[in-house]
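# Overview (structure and organization)
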Amino acid sequence: KSISYIKSKYETLNINEKFDLILMSESSNYFPLKPAMQQTKRYLRKGGCLLVAGLFRKGHSVVFPTWNVIQDFEKEAKRAGLKLIKKEDISDFAAPTMQLGYNFYNEYGKPLVNLVTEYYQKAFRWKATLLSLFFNKELKIIKHVLYNELPNRLDVATFKKYGRYLIYLYQI
C-alpha cells in the first residue's frame, strides 16, 4: 500500500523526488545513454548510488548493436558527475546460463518454430499468403531475430568476443 508507481520512460520522467539508489538491472540498454545519465544525476541524493547490472559491448561493432559500449557508458557516467566505486565483470558466471539457453534454442526452440511455421503454411495456405502480404516487413524482422540475432546473443563464443556482463556501482 505504501508503494507508488509511475508510468513513464526513464528519460522523460519528471518528478520532484530524489533517491538513495537507482537500480538498472539489465535495463540500461533500453533508453538513450546521455539523457539517462542526466536523469540519474537529477534523481540521486548527494551520496546516492547508481547500481547497474547488464550487458555491454567491448567496442563499437555491429554485433549486439543495442548494447551500450563500455567506454561510452563509463564516459557518460563520469560526465554526469558519477564516481565509480566498483566495477565487476561477471561474464564467466553468466556464460553457463547463456550456453544453456543456446542449447535449448537449438534443440527445442528453432525446431518448434520451424515445425509450426511449416504446418501453418501447409494447413492454412491462403491465410499464410495473406499474412505474408500484409505483414511482410514484420515477418522479416521476426525471422531475422529468431534465426540471426537470437542464436548470436546466446552464443558464448560470440558473447565473449564482443560483449561483457558487468556490474557497476557509482556514487554521486
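Scope of this entry: the structure provided in the associated data block. (Residues numbered from 1 in each chain as written. Predicted model: local features only at pLDDT ≥ 70, side-chain atom pairs only at ≥ 80, totals over all residues. Heavy atoms only, no water.)

## Concerning the nonpolar core
Formed by 22 residues in total, the largest nonpolar core has its most connected members in Met37, Leu50, Phe73 and Tyr168. Of all the elements in the fold, those that place two or more residues in this core are β1 (19-25), α1 (33-43), β2 (44-57), α2 (70-79) and β5 (163-171). Ignoring any residue separated from it by four or fewer positions in sequence, one finds Tyr168 in contact with Leu50, Leu51, Val52, Phe56, Ile70, Phe73, Glu74, Leu84, Lys86 and Lys87. In this structure, Trp67, Ile90, Phe159 and Tyr165 belong to the second largest nonpolar core, which totals eleven residues. (Core = buried A, V, L, I, M, F, W, Y, C linked by side-chain atoms within 4.5 Å. Buried < 20%, exposed > 50% of the residue type's maximum accessible area, 1.4 Å probe, protein only. Helix = DSSP H or I, 4+ residues; strand = E, 2+ residues; numbered from the N terminus. Contact = heavy atoms within 4.5 Å.)

## A closer look at the pairing of β2
Inspection of the sheet shows β1 paired to β2 by six bridges, in the parallel sense. In the strand pairing of β2, Leu23 is matched with Leu51. Handedness of the crossover joining β1 and β2 through α1 is recorded here as right-handed. By the bridge criterion, nine bridges tie β2 to β5 in an arrangement that is antiparallel. When the bridges of β5 are listed, Leu51 appears paired with Leu169. By the bridge criterion, two bridges tie β2 to strand β3 (residues 68-69) in an arrangement that is parallel. Of the residues in β3, the one forming a bridge with Phe56 is Asn68. (Pairing = 2+ DSSP bridges. Right-handed = clockwise from strand over helix to strand, strands pointing away.)

## Observations regarding the environment of Lys41
On the secondary structure map, Lys41 appears in helix α1. Sequence separation of Lys41 and Leu82 is 41 residues, and the distance between their C-alpha atoms is 7.5 Å. Excluding residues within four positions of it along the chain, Lys41 makes contact with Lys18, Ala80 and Ile172.

## What about unusual backbone geometry?
Phi at Glu26 takes a positive value of approximately 55 degrees, unusual for a residue other than glycine. By the element assignment, Glu26 lies in the loop between β1 and α1.

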